[in-house]
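Here is how the chains run, residue by residue.
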Amino acid sequence: MMESIPAQRHKLDVHTMTSIDLFLEEYYEQGHTKRAGEEMANCGMKKSQVHGLENLLVSTSRFSEIINYIKNQVGKDRKEWQSVGPLLLDQLATIEMKAHEMAGEEPAKRLAIKLILARGWARQVVAHYLYGSGKGERR
Amino acid sequence: MTVNEFFESTDFQVFLDETLRREAIRAAEVVLDRGKKVKRHQMHVIPSVIQAAGLDGLRKLADRQKDKNTRTENKAFWTEISSLLSSTATTDLSLFAFLQSFLRERGFLDPEEETQDKVTQKQIRKRNKLITEGLMENVIGVYFEHFNCHYYYKTSKGSEK
């Protein structure tokens, strides 16, 4: 079977990197990632489940692997994933659309942007999740 | 670009990540729309068979399962999978036809109709089939990752939200 080529090998220019940062900042300010993180905490998702997603995001070279991971977890009929999975998939779909918009007709660039955006998104979601689940523990 | 160069290219990564995913999702939806819903464990074996025995192994499994299974829905499901893997006709469930059309659009296949000679036509057809089977062997693992995960998702309670 073919080994996948890490998409992140594609070097992105400063302008694109700035656009990525700006998008992630806006996305954060609009409260999307806060909502996702809080829902993950509220539905009682375990830290190990969140770290599983986080680890995949760091190690994968294919954006669709992240989507498939979430679909697979929801498909196992685990109630935590069922409650938050569709929201996460919606947010990843937005990220993918944004990557298409930013990269235009450059496929290598698109793959790299998608992964960078997804990792930035996950950092925000996990931070909110940890904060949200910590609140519960502190009470 | 040759087919082998394509396998090493970013275009191939995009193909796996986007084009193949769209097609696998479409195929999973077709199977589901036809009401051939099976339990998750029926499909668990697919990735490991691909890992161990490749496309040929999966074809054998699908054929065996469709003949063996007594439950109507399992039999119907494996009949669809068998057709998806083995049919070369342009139907809504033929991975071969989908890949061949992709390769043709990209100019990786020689056009059969350019020659009138039957023997040459046959040789071209055989060569094109080999190239398509080669691509199929290369992508089958990722294809079923997309297919299975989407199938699991759509048949779970969570996807209705």
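Novice: Explain the interface of chain B and chain A here, please?
Specialist: Accessible area lost during the coming together of the parts is what is often quoted as the interface size. Taken together, the contact pairs 29 residues of chain B with 28 residues of chain A. In this assembly, chain B packs against chain A so that about 2,500 Å² is buried in total across both faces, 56% of it on carbon and sulfur atoms. Per-residue buried area on chain B facing chain A is highest for B:Q13, B:D17 and B:Y153; these three make up 22% of the total on that side. Taken together, the connections running from chain B to chain A amount to five salt bridges. B:E18 is the partner of A:K114 in a salt bridge, and the nearest nitrogen-oxygen pair spans 2.7 Å. The interface formed by chain B and chain A includes 13 residue pairs in polar contact (both at pLDDT 80 or more).

Novice: Just checking my understanding: could you explain the nonpolar core for this structure?
Specialist: When a protein is soluble and globular, its nonpolar side chains tend to lie buried together. Judged by nonpolar contacts, the single largest core of 45 residues is most densely connected at B:F144 and B:F147. The set of elements that each furnish at least two residues to this core consists of α1 (3–7), α2 (10–33), α3 (45–68), α4 (72–86), α5 (95–105) and α6 (118–154) of chain B. Top contributing element to this core by residue count: α6(B), with ten residues. Beyond its immediate stretch of four places on either side in the chain, B:F147 contacts B:A24, B:A27, B:A28, B:V31, B:M43, B:I81 and B:L84. The next biggest cluster of nonpolar side chains, apart from the first, holds 40 residues, and it includes A:A36, A:L53, A:L57 and A:V125.

Novice: Where do I start with the side chain of A:E96 in this structure?
Specialist: Among the structural elements, A:E96 can be located in helix α5 (residues 79–103). Judged by its relative accessible area of 13%, A:E96 falls in the buried class. At 3.0 Å, the side chain of A:E96 forms a polar contact with the side chain of A:K114. Apart from residues no more than four positions distant in its own chain, A:E96 is found in contact with A:F63, A:I67, A:K114, B:E18 and B:R21.

Criteria and thresholds
Counting restarts for each chain: residues are numbered from 1 in the order of the written sequence. Naming scheme: in the order in which they are written, chains are lettered from A and ligands are numbered from 1. Reporting of local features is limited, given that this is a predicted model, to residues whose pLDDT is at least 70; pairs of side-chain atoms are given and counted only at 80 or more, and all residues count toward the totals for whole chains, interfaces and linings. The basis for the side-chain values is all heavy atoms of the structure; hydrogens and waters are excluded. Contacts are residue-level and defined by heavy atoms, with any inter-residue pair within 4.5 Å sufficient. Here the quantity called buried area is the accessible surface, traced with a 1.4 Å probe, that two parts lose on coming together, added over both. Here, a salt bridge means any side-chain nitrogen of Lys or Arg that lies within 4 Å of a carboxyl oxygen of Asp or Glu. Any pair of N or O atoms that falls within 3.5 Å is considered a polar contact. Within protein, one atom must be able to donate a hydrogen and the other to accept it, and sequence-neighbouring residues count only if both atoms are side-chain atoms. By convention a nonpolar core is built from buried Ala, Val, Leu, Ile, Met, Phe, Trp, Tyr and Cys residues, the set being connected through side-chain atoms within 4.5 Å. Residue exposure (1.4 Å probe, protein chains only): buried if accessible area is under 20% of the type maximum, exposed if over 50%, otherwise partly exposed. Helix and strand definitions follow DSSP, with helices as H or I runs of at least four residues and strands as E runs of at least two, each counted in order from the N terminus.

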